[in-house]
Amino acid sequence: NQLYKPLKRIFEPVVKDTETLLKGDHTRVVRKPTPTAHKGGIVAFAAKSLKCLGCKVVIPSGTVCAHCKPKESLIYLKRLKDYNER
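I will try to describe carefully the structure that is included in this document. No experiment lies behind these values; they were computed from the predicted model shown.

### Things to note about the overall build of the chain
Here is step 1 of the chain: For the chain, the helix and strand inventory stands at two helices and two strands.
Here is step 2 of the chain: Listing every helix and strand of the chain by position from the N terminus yields α-β-β-α.
Here is step 3 of the chain: Put simply, the chain has 86 residues, and 10% of those count as buried.
Here is step 4 of the chain: A separation of at least 24 residues holds for 2% of the contacts in the chain among residues at least 6 apart in sequence.
Here is step 5 of the chain: When the accessible surface of the chain is split by element, carbon and sulfur atoms take 60% of a total near 8200 Å².

Structure (structure tokens):
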């Protein structure tokens, strides 16, 4: 509404029907979906990988790496404590 009246005054000499400026099919919003890994783009360069909960090194599977395996119970308890404090 704030734009309609000034635009109407500006376009009155040029456009016969100023009502069609801000109404009609040309004013509909077109939504473009966000890129996904299947379509490529910048998302294609990002790959999600598993990380060790102790030292944050990339691991192929599991929750902790071989180096942190002996401390797995301590890591779990620390995570549980941090979670409960939130």
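### Some points on the pattern of salt bridges
Here is step 1 of the chain: Summed over all chains, the structure comprises three salt bridges.
Here is step 2 of the chain: In this structure, Glu72 engages Lys69 in a salt bridge whose closest nitrogen and oxygen atoms are separated by 3.1 Å.
Here is step 3 of the chain: On the basis of relative accessible area, Glu72 is assigned to the partly exposed category, the value being 27%.
Here is step 4 of the chain: Taking relative accessible area as the criterion, Lys69 reaches 48% and is therefore assigned partly exposed.
Here is step 5 of the chain: Asp82 serves as the salt-bridge partner of Lys78, at 3.1 Å between the closest nitrogen and oxygen. With Lys78 and Asp82 both in helix H2 (residues 72–85), this residue pair falls four residues apart, about one helical turn.
Here is step 6 of the chain: Of the residues examined, Lys78 reaches a relative accessible area of 55% and is grouped as exposed.
Here is step 7 of the chain: Residue class for Asp82 comes out partly exposed when judged on its relative accessible area of 33%.

### Describing the environment of Glu72
Here is step 1 of the chain: As for its placement among the helices and strands, Glu72 is situated in helix H2.
Here is step 2 of the chain: When the C-alpha atoms of Glu72 and Leu53 are compared, they prove to be 8.7 Å apart, with 19 residues separating the residues in sequence.
Here is step 3 of the chain: Excluding its chain neighbours within four sequence positions, the residues that come into contact with Glu72 are Thr63 and Val64.

### Here's the deal with the nonpolar core
Here is step 1 of the chain: Counting residues in each nonpolar core, the largest one holds six residues, listed as Cys52, Ile59, Val64, Cys65, Cys68 and Ile75.
Here is step 2 of the chain: Beyond its immediate stretch of four places on either side in the chain, Val64 contacts Cys52, Leu53, Ile59, Lys69, Glu72 and Ile75.

### Focus on the state of the cysteines
Here is step 1 of the chain: Summed over the entire model, instances satisfying the criterion amount to zero disulfides.
Here is step 2 of the chain: You can see Cys65 has no disulfide; the closest cysteine sulfur is in Cys55, sitting 3.6 Å from it.
Here is step 3 of the chain: Overall, Cys65 belongs to the buried group, its relative accessible area being 11%.
Here is step 4 of the chain: Residue Cys68 stays outside any disulfide, its sulfur separated by 3.7 Å from that of Cys65, the closest cysteine.
Here is step 5 of the chain: A relative accessible area of 3% places Cys68 in the buried class.

Criteria and thresholds
Chains are numbered independently. Their residues run from 1 in the order of the written sequence. For this predicted model, a pLDDT threshold of at least 70 governs which residues receive local features, and a threshold of 80 or more governs which side-chain atom pairs are given and counted, while totals over whole chains, interfaces and linings are taken from all residues. Think of the side-chain values as coming from all heavy atoms in the structure, minus any hydrogens and water. Numbered from the N terminus, helices here are DSSP runs of H or I no shorter than four residues, and strands are runs of E no shorter than two. Note on classification: 1.4 Å probe, protein chains only; a residue is buried when its accessible area is under 20% of the maximum for its type, exposed when over 50%, partly exposed between these limits. Any two residues having at least one pair of non-hydrogen atoms within 4.5 Å are treated as being in contact. Computed by Shrake-Rupley with a 1.4 Å probe, the accessible areas treat only the displayed protein chains as cover when residues are assessed. Salt bridge, as used here: a side-chain nitrogen of Lys or Arg that lies within 4 Å of a carboxyl oxygen of Asp or Glu. By nonpolar core we mean a set of buried residues, namely Ala, Val, Leu, Ile, Met, Phe, Trp, Tyr and Cys, connected to one another through side-chain atoms within 4.5 Å. Cysteine sulfurs are considered disulfide-paired once they come within 2.5 Å of each other.

Spatial relationships are all this shows, so hold off on functional conclusions.
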